[in-house]
Amino acid sequence: MKTVVSGIRPTGQLHLGNYFGALKNFVKMQHDARCYFFIADYHSLTTHPDPEHLHGNVQNALAEYLAAGLDPEVATIYVQSDLPQTAELSLLLSMHAYIGELERTASFKEKVRKHPENVNAGLLCYPVLMASDILIHRADFVPVGKDQEQHLEMTRKFARRFNTIYGVDYFPESMPYNFGQELTKVPGLDGSGKMGKSEGNGIYLADTDEVIRKKVMKAVTDQGPTEPNQPMAEPIANIFTIMKIVSPEDTYRFFLDKYNACEIRYGDMKKQLAEDIIKVVTPIRDRIAEIKSRQGYLHEVVTAGAERARLSADETMRAVREIMGIKPF
Ligand code: ADP
Ligand code: TRP
């Protein structure tokens with residue numbers, strides 16, 4: 001069975017893009033591979049979150065992922081800082097990570113440009129820590145978006161370098177896993193190509209019905225088609241794309257036929273879309289609330305998760321120490 005690792009930054013709430021673009025695939029994947037999913041709280045420290053909020057953010061991310069279908073009985077779900085072996089591996093791997101290559105990382109350069117006042121060593125070593133998350137379980141696959149591919153390339157470089165320097169064949173070459181055809185991109189309703197946190201156009205799994213209706217009714221539209229089968233402008237195509245994802249096939253067809261016949265009423269379509277989004281979101285939102293109300297449940301999940309993660313991490317650390325020459329007396 002293949003091993004899969006993925007880290008989740010505990011920043012903000014999940015939106016439909018995260019759910020349909022990533023999480024739903026994780027939920028399916030957990031049954032087909034040995035999966036480790038963790039909340040990357042060490043990584044989030046690079047941007048100095050308020051200590052008052054960090055734990056709440058971790059709890060929130062965890063509750064949302066569990067509510068969306070990650071099953072702690074099936075996958076190993078843990079908090080990164082509950083597995084300090086990751087930090088030890090990161091220290092050891094950093095001995096063979098060169099300042100030049102770290103400085104050339106695109107994500108680092110972007111941080112330097114955006115936040116010149118906070119160029120800390122943790123940020124520089126972000127790719128080493130991420131490689132450690134992955135290599136601590138000797139992962140075969142890492143399901144990540146395009147923006148993370150360079151980090152994954154560096155992970156493979158560090159793994160190969162370790163194997164070469166010490167003349168071993170210990171670390172695998174962890175490959176990106178992009179779910180082939182199934183990768184769904186969720187557009188924004190503001191006419192833009194992507195729904196995203198930073199785009200400020202998210203419809204969140206925790207949004208109330210009223211908020212969802214308001215957001216959907218504000219979706220950008222146009223005057224409507226003036227001749228049959230007219231190509232769609234991007235904002236309209238986006239509404240149809242989201243409808244295709246959340247609504248029953250015949251609802252989607254109904255509005256597409258109306259569009260092609262120049263009889264579309266965007267108001268009706270948006271009302272229908274809002275109700276269909278609410279249908280998808282309601283059970284997840286209810287589970288988020290339920291999980292948060294069950295004192296102790298999250299504690300149980302992460303305790304059991306860390307224990308399981310430790311089995312594989314301890315095995316890796318024993319081998320790595322031995323390979324590098326750190327031996328017990
Ligand atoms: P955001 O862009 O809102 O900051 P993240 O970068 O934290 O979201 O993304 C977390 C995961 O969700 C990634 O795997 C990413 O590919 C996926 N994702 C985010 N937005 C979308 C979207 N609009 N459509 C599809 N997948 C998305
Ligand atoms: N860097 C990833 C992100 O920004 C999060 C992450 C940290 C991660 N460690 C990982 C993802 C290990 C996959 C595997 O989304």
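First, a word on scope: everything that follows refers to the structure included in this document. Not measured: the values here are computed from a predicted model.

Once that is clear, we can look at the overall build of the protein chain. Each helix and strand counted, the protein chain has 14 helices and five strands in total. With respect to the principal axes defined by its C-alpha atoms, the protein chain has extents near 80 × 45 × 40 Å. By residue count, 47% of the 329 residues in the protein chain fall in the buried class. The contacts in the protein chain between residues at least 6 apart in sequence include a share of 79% that link residues at least 24 apart. Separation of charge centres in the protein chain, based on 39 positive and 43 negative side chains, amounts to 2 Å.

Close contacts around ligand 1 come from 13 residues, with H15, V186, K194, M195 and K197 the closest. In the model, a nitrogen atom of ligand 1 is placed 2.7 Å from a nitrogen or oxygen of the V186 main chain. Take K194: an N or O atom from its side chain is 2.6 Å from an oxygen atom of ligand 1. In isolation ligand 1 has 530 Å² of accessible area, and contact with the protein removes 77% of it.

Looking at the element boundaries, L91 is found in helix α4 (residues 85-94). With 17 residues separating them in the primary sequence, L91 and F108 have C-alpha atoms 19 Å apart.

Ranked by internal contacts, the top residues of the largest apolar core, which has 61 residues, are L16, F240, L273 and I277. Sort the elements by how many residues they give to this core and helix α13 (residues 266-293) lands first, with eleven residues. In contact with L273, not counting residues within four places along its chain, are L189, V216, I239, I242, M243, V246 and S247.

For the rest of this paragraph, the subject is the packing of aromatic side chains. In total, this model carries ten aromatic pairs according to the counting rule given. Between the aromatic rings of F240 and Y259, the centroid separation amounts to 6.0 Å while the plane-to-plane angle is 80°, which identifies the pairing as edge-to-face. Here F240 is found in helix α11 (residues 234-246), whereas its partner Y259 is found in helix α12 (residues 249-260), with 19 residues between them in sequence. Judged by relative accessible area, which is 2%, Y259 ranks as buried.

What follows is about the pattern of salt bridges. Enumeration over the complete set of coordinates arrives at 16 salt bridges. E88 is paired through a salt bridge with R321; the nearest N and O atoms lie 2.8 Å apart. Taken together, the residues E88 in helix α4 and R321 in helix α14 (residues 297-324) connect sequence positions 233 residues apart. Among the residues examined, E88 registers a relative accessible area of 25% and is labelled partly exposed. R161 is the salt-bridge partner of E101, the closest N and O atoms lying 2.6 Å from each other. Separated by 60 residues along the polypeptide, E101 in helix α5 (residues 99-103) and R161 in helix α9 (residues 149-166) bring together distant segments of the chain.

The next subject is the environment of E88. In the structure, E88 is positioned 177 residues away from R265 in sequence and 59 Å away in space, judged by C-alpha atoms. For E88, the contacting residues outside a window of four places in its chain are M317 and R321.

Inspection of the region around ligand 2 gives S6, G7, R9, F38, H43, Y126, M130, D133, I134, V142, V144 and Q148 as its neighbouring residues. Here Y126 contributes a side-chain N or O atom positioned 2.8 Å from a nitrogen atom of ligand 2. In the environment of ligand 2, a nitrogen atom lies 2.9 Å from a nitrogen or oxygen atom belonging to the side chain of Q148. In isolation ligand 2 offers 370 Å² of accessible surface; the protein chains occlude 93% of this area. Those elements that place two or more of their residues in the shell around ligand 2 are β1 (3-8) and α8 (126-135). The biggest single contributor to the shell around ligand 2 is α8, with four residues. In terms of residue class, the shell around ligand 2 is built from six nonpolar, four polar and two charged.

Calculation criteria
- Residues numbered from 1 in each chain as written.
- Chains lettered and ligands numbered in written order.
- Predicted model: local features only at pLDDT ≥ 70, side-chain atom pairs only at ≥ 80, totals over all residues.
- Heavy atoms only, no water.
- Helix = DSSP H or I, 4+ residues; strand = E, 2+ residues; numbered from the N terminus.
- Buried < 20%, exposed > 50% of the residue type's maximum accessible area, 1.4 Å probe, protein only.
- Contact = heavy atoms within 4.5 Å.
- Lys, Arg positive; Asp, Glu negative; His and termini not counted.
- Charge placed at Lys NZ, Arg CZ, Asp CG, Glu CD.
- Near = heavy atom within 4 Å.
- Polar contact = N/O pair within 3.5 Å; in protein donor to acceptor, adjacent residues only side chain to side chain.
- Areas by Shrake-Rupley, 256 points an atom, 1.4 Å probe, with all protein chains shown as cover.
- Core = buried A, V, L, I, M, F, W, Y, C linked by side-chain atoms within 4.5 Å.
- Phe/Tyr/Trp six-rings, centres within 6.5 Å; stacked < 30°, edge-to-face > 60°.
- Salt bridge = Lys/Arg side-chain N within 4 Å of Asp/Glu carboxyl O.
- Nonpolar A, V, L, I, M, F, W, Y, C, P; charged D, E, K, R; others polar.

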